[in-house]
Structures are given as C-alpha cells and as structure tokens.
Amino acid sequence: MNNVPVLDTFKRPLRDLRISVTDRCNFRCPYCMPAEIFGDRYQFLPREDLLTFEEITRIVKIAVGLGVTKVRITGGEPLVRQNIEELVAMIAAVDGVSDLAMTTNAYLLSGYAEKLKNAGLKRITVSLDSLEDEIFQKMNGRGFSTARVLDGIRAAKEAGLQPIKINAVVQKGVNDETLVGLAEWCRDNGHTPRFIEYMDVGTLNDWKLEEVLTAEEIVQLIEERFPADPVGPTYPGEVAKRYRYRDGNGEFGIISSVSQPFCGDCTRMRLSPEGKSVTCLFAETGTDLRDSLRDGSTDDEIKKAIIGIWGSRKDRYSEQRSEETVKRKKVEMYHIGG
Ligand code: SAM
Ligand code: SF4
Ligand code: SF4
C-alpha cells in the first residue's frame, strides 16, 4: 500500500488518531458521564462489540498510510480496558507512529505506569480538575479523593513517562478558584497544566455558556500570580495555546474551543470503541468501520473507506457554535474520548 496523505474539504490533513478503547469509566464526572444517567443499570457496550486490539492496530496501520503520525489512547477510561498495555505495545510497533500518548484519569495508573512505559507509551496526560479534595470529589462524581490520582502521577514520573500534562476542565463557580493552586503544584513538580474551557460536548451535561470561564479569563487568573508570555505552537495543529512563565519555571496551556475555536487546524480523527470513525468531537454520529474489519474487506478497501470519510469532512462545529447547535444531537465525550 502506498502512503497517500488525505485532505478534507478544507484541505486539512489527517494527522492524529484518537482511539477510545472503552465506553466504561470508573469516574462519573458530571460534565461527561453524569451519575444520574450512568447508574448501575446503564448498558455499556458488550465485549463482542468492542474492537479487538488486532482490529484497532489494523486501523492504525491503515491510518498511518494516510498521514497519521500521532496516536492517542483514550476512553471512557482506557485503564479499565483489560491488558491495555498489550495494545500500547502493538501500536508502538507500527512503523510510522512517531507519537503514542494516553489520556487517563490516573485512578489506576500507579499499577500501570511502568508497564505502559515498557510497552512503548511515550507520553501521558492526566485529567485532574482540582487538587482540593472537596471539589475533586464533586467533579469526579464518585467522591474519590485526589490521593490515588497523585500516586498515579508520581508513578508515571518515576517510570519516565515525562513530561506529564495535567488536563483540568474549568467550570465557573466549581473549580475556578483552585486553578492557581493547580498551576503552582504543576510548577513545583515539573508538570504542564492545560486548562480546558468547559465544552458543550454530548447531550447529557446540561451545558450553559454562563458556566464557561473563557481562555482570556483563565490566562488572567494564572498570570496575576505567575507572569507568563504566549509562545508559538510546538507543532502545526497543536490545540493548546502555550504560555511560558517569565521566571523560566515551565509553562501552561489553554484549550479554548469555545471562546477561540481552532477548527482550521483540526487534523484529528476519532475511533470509537465499537469501530466508528468520528471526524469531529461534536459530530452527530460516526461511520462504521467494524463491519469492514470483520467481513473480509482488504486493507485497501478499508483505506478507501477512510479516504471517503475524511475527504468529505466539512466539520467546523466550534466555529459555528450557536444556541441551536448546542441542542443538537451529538456523540458523547465518554464514548469518543475527547
Ligand atoms: N477518562 C479519561 C480522562 O478523563 O482523562 C479519558 C477520556 S475523557 C473523555 C478525555 C478528556 O475529556 C478529559 O481530559 C476530560 O476532562 C475531557 N472532557 C470531558 N468532558 C468535557 C467537557 N464537557 N468539556 C471539556 N472537556 C471535557
Ligand atoms: Fe470518565 Fe474521563 Fe469522562 Fe471523567 S472525563 S467521566 S474520567 S471518561
Ligand atoms: Fe475539530 Fe470539530 Fe473541534 Fe472544530 S469542533 S476543532 S472540527 S473536533
């Protein structure tokens, strides 16, 4: 198979593949999987519906042939998928994957960090919305304290999965007063925090614009305490805007998809746990690839299907966000992993 970079209708190349390996999670963050909806009786995908590690790796190989160089494993919570380190090793062995990362809530990370590093994981992003236990307990929807997450981060650092990025979703009136504390802790420990504007993903979190603290407001908050200057992206299409502290002690990032959308640079395709390709975080639905993986289709046939999906992509949801689009049917974040 020849490598042919594929462009969408806005000439955006396909560079990143984000793979959601499960729709299950051990947290119930209200902005993602509200506990009232995802209760004991909630029917998650049965095992046979999930793509196998072999099927996922096959898609990765095909996607590399279309320009993908960066792969991120996410979920749901990727560490609740059994033997996830085996998938990491399989993807790490694919020629052409230059960056392999994972996003996790880190609750199970202390038992996995070394295995993941040995399997070939390059980087890890840990979601941690606040260091204040009371706030964190609310934001994970399970009443878990930060202790295990901090253990997980320590283990990742010890295993050499560095530098570690710390993602915090910012909700006005919920965790905004603890952002500076999180930034300070990250500075002290050599991690890079990335503050994410609360987004209207999915249909379940009852999102309201009033609950969004904008990128500008977040930067102002951090800069008041730790003066910083904006710096350019490390690579084309980097979604976080970067700010470097003037005292030279690291940096922080802001993901401003609500107040300053970046659809023009969006090079990401998502693969859902049951094998749908989803071309936008806010898409209504995805296109099934699992049938092709299971019906004897050749790699070339699957490649053509992906070329068709990406080639006809017109997504620019965040640039068109309005009261009407917010209410639209959308795939859920826990399902496609961000
Ligand atoms: N469970 C893993 C975790 O939380 O890191 C991976 C999946 S989670 C869906 C991926 C990222 O999406 C997390 O950093 C999470 O904070 C973010 N996220 C989920 N819902 C969000 C929302 N409504 N707005 C902004 N970010 C959100
Ligand atoms: Fe789980 Fe991550 Fe969603 Fe929180 S953000 S409920 S940890 S998938
Ligand atoms: Fe990409 Fe869709 Fe987000 Fe725009 S709204 S940056 S197209 S995922």
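What counts, and at which threshold
- The written sequence of each chain sets the order in which its residues are numbered from 1.
- Throughout, the order in which chains and ligands are written sets their labels, letters from A for the former and numbers from 1 for the latter.
- Per-residue local features of the predicted model are confined to residues with pLDDT of at least 70, and side-chain atom pairs are confined, for both listing and counting, to 80 or more; whole-chain, interface and lining totals are unaffected and use all residues.
- The basis for the side-chain values is all heavy atoms of the structure; hydrogens and waters are excluded.
- Throughout this description, the term nonpolar core refers to a set of buried Ala, Val, Leu, Ile, Met, Phe, Trp, Tyr and Cys residues connected via side-chain atoms within 4.5 Å.
- When accessible area is computed with a 1.4 Å probe and restricted to protein chains, residues below 20% of their type maximum are described as buried, those above 50% as exposed, and intermediate ones as partly exposed.
- By definition in these notes, contact holds between two residues if any of their heavy atoms fall within 4.5 Å.
- The criterion for a residue being near a molecule or strand is simple. One of its heavy atoms has to lie within 4 Å of it.
- The term polar contact refers here to a pair of N or O atoms within 3.5 Å; inside protein, the definition further demands a hydrogen-donor-capable atom paired with an acceptor-capable atom, and it admits residues adjacent in sequence only when both atoms are side-chain atoms.
- In these tables, accessible area is a Shrake-Rupley quantity obtained with a 1.4 Å probe, and a residue counts as shielded only by the protein chains included in the view.
- Helix and strand assignments come from DSSP, with helices taken as H or I runs of at least 4 residues and strands as E runs of at least 2, each series counted from the N terminus.
- A strand pair is defined by DSSP finding two or more bridges across the two strands.
- In this analysis an axis means a line fitted to C-alpha atoms, helices contributing only their contacting stretch, and an angle means the value between N-to-C directions, from 0 to 180 degrees.
- In summary, the pairing rule links any two rings of Phe, Tyr or Trp, Trp by its six-membered ring, whose centres are within 6.5 Å, and it sorts them by plane angle into stacked for under 30 degrees, edge-to-face for over 60 and tilted for everything else.
- In this scheme, the term charge over a ring applies when either NZ of a lysine or CZ of an arginine sits within 6 Å of the ring centre and within 35 degrees of the ring normal.
- Side-chain classes follow a simple rule in which Ala, Val, Leu, Ile, Met, Phe, Trp, Tyr, Cys and Pro form the nonpolar group, Asp, Glu, Lys and Arg form the charged group, and the remainder, Gly included, forms the polar group.
- For a helix, the expected span equals 1.5 Å multiplied by the residue count minus one.
- Directions from the helix axis toward the C-beta atoms define the arc.

Undergrad: Hey, could you go over the nonpolar core for me, with residue numbers and the actual values?
TA: Judged by nonpolar contacts, the single largest core of 105 residues is most densely connected at Val 60, Ile 91, Leu 116 and Phe 195. Each residue touching Ile 91, except ones within four places of it in the same chain, is listed here: Ile 19, Ile 56, Thr 57, Val 60, Val 71, Ile 73, Val 97 and Leu 100.

Undergrad: Describe in detail the site of ligand 1, supporting the description with residues and values.
TA: Residues in contact with ligand 1 amount to 20 residues; listed here are only the nearest, Gly 76, Ser 127, Val 169, Met 199 and Met 333. In the environment of ligand 1, a nitrogen atom lies 3.2 Å from a nitrogen or oxygen atom belonging to the backbone of Tyr 31. Look at ligand 1: alone it shows 550 Å² of surface, and the protein chains cover 95% of it. Residue assignment for the shell around ligand 1 shows that the elements contributing at least two residues are strand S3 (99–104), strand S5 (165–170) and strand S6 (192–197).

Undergrad: Before we move on, can you summarise the environment of Tyr 245 with the specific residues and values?
TA: Along the chain, the position of Tyr 245 falls in strand S8 (residues 241–245). Residue Tyr 245 is classed as buried on the basis of its relative accessible area, which comes to 3%. In this view, Tyr 245 contacts Ala 183, Arg 187, Pro 193, Ile 222, Phe 226, Pro 227, Ala 228, Gly 250, Glu 251 and Phe 252; residues no more than four positions away in its chain are not counted.

Undergrad: Please give an account of the side chain of Gln 171 that cites residues and values.
TA: Checked against the element boundaries, Gln 171 lands in the loop between S5 and helix H6 (179–189). When its relative accessible area of 11% is taken as the criterion, Gln 171 is described as buried. Apart from the residues lying within four places of it in its own chain, the contact partners of Gln 171 are Tyr 31, Met 139, Asp 176, Tyr 198 and Glu 211.

Undergrad: Now, about the sheet that holds strand S7 (residues 228–231): what can you tell me, with residues and values included?
TA: Strands sit in the order S7-S8-S9-S6-S5-S4-S3-S2-S1-S10-S11-S12 across an open sheet of 12 strands; the sheet is mixed. Each having just a single partner strand, S7 and strand S12 (287–288) make up the two edges of the open sheet. The sheet contact formed by S6 and strand S9 (residues 251–255) spans 3 bridges and is parallel. When the sheet's bridge partners are listed, Ile 196 is paired in S9 with Ile 255. Contacts between helix H7 (residues 215–225) and the sheet are confined to S5, S6, S7, S8 and S9, with S9 contributing the most and set at about 160° to the helix.

Undergrad: Tell me about the packing of aromatic side chains, residues and numbers included.
TA: The final tally for this structure, using the stated rule, is 12 aromatic pairs. Pairing Phe 38 with Tyr 42 gives two aromatic rings, centres 4.6 Å apart and planes at 50°, and the pair type is tilted. Judged by its relative accessible area of 29%, Tyr 42 falls in the partly exposed class. Aromatic side chains Tyr 243 and Phe 252 sit 5.1 Å apart centroid to centroid with 10° between the ring planes, which places their arrangement in the stacked category. The class for Tyr 243 is buried, based on a relative accessible area of 15%. Judged by relative accessible area, which is 1%, Phe 252 ranks as buried. By the ring-pair criterion, three or more aromatic residues cluster together here, those being Phe 195, Phe 226, Tyr 243, Tyr 245 and Phe 252. Residue placement shows Arg 321 over the ring face of Phe 282; its charged tip is 5.2 Å from the ring centre.

Undergrad: Tell me about the environment of Val 212, and name the residues and values.
TA: With respect to the secondary-structure elements, Val 212 resides in the loop between S6 and H7. Looking at Val 212, the relative accessible area reads 5%, which means it is buried. Val 212 sits 41 residues away from Gln 171 along the chain, and the two C-alpha atoms are 5.8 Å apart. Once residues within four sequence positions are removed from consideration, Val 212 is found in contact with Lys 172, Glu 197, Tyr 198, Trp 207, Glu 217 and Val 258.

Undergrad: Run through the site of ligand 3, naming residues and quoting values.
TA: The full set of residues close to ligand 3 is Phe 262, Cys 263, Cys 266, Arg 270, Cys 280, Leu 281, Phe 282, Arg 313, Asp 315, Tyr 317 and Ser 318. Tallied by class, the residues present in the shell around ligand 3 amount to 7 nonpolar, 1 polar and 3 charged.

Undergrad: Quick one: what's the story with helix H9 (residues 299–311), residue by residue and with numbers?
TA: Over its 13 residues, H9 extends 18 Å from the first C-alpha to the last, a length consistent with the 18 Å expected when each residue adds 1.5 Å. Looking only at H9, the buried set comprises Ile 302, Lys 303, Ile 306, Ile 309 and Trp 310. Down the axis of H9, the buried side of the element spans an arc of 120°, and every buried residue falls inside it. Elements in contact with the buried residues of H9: helix H1 (53–64), strand S10 (268–271), strand S11 (276–278), S12 and helix H8 (290–294).

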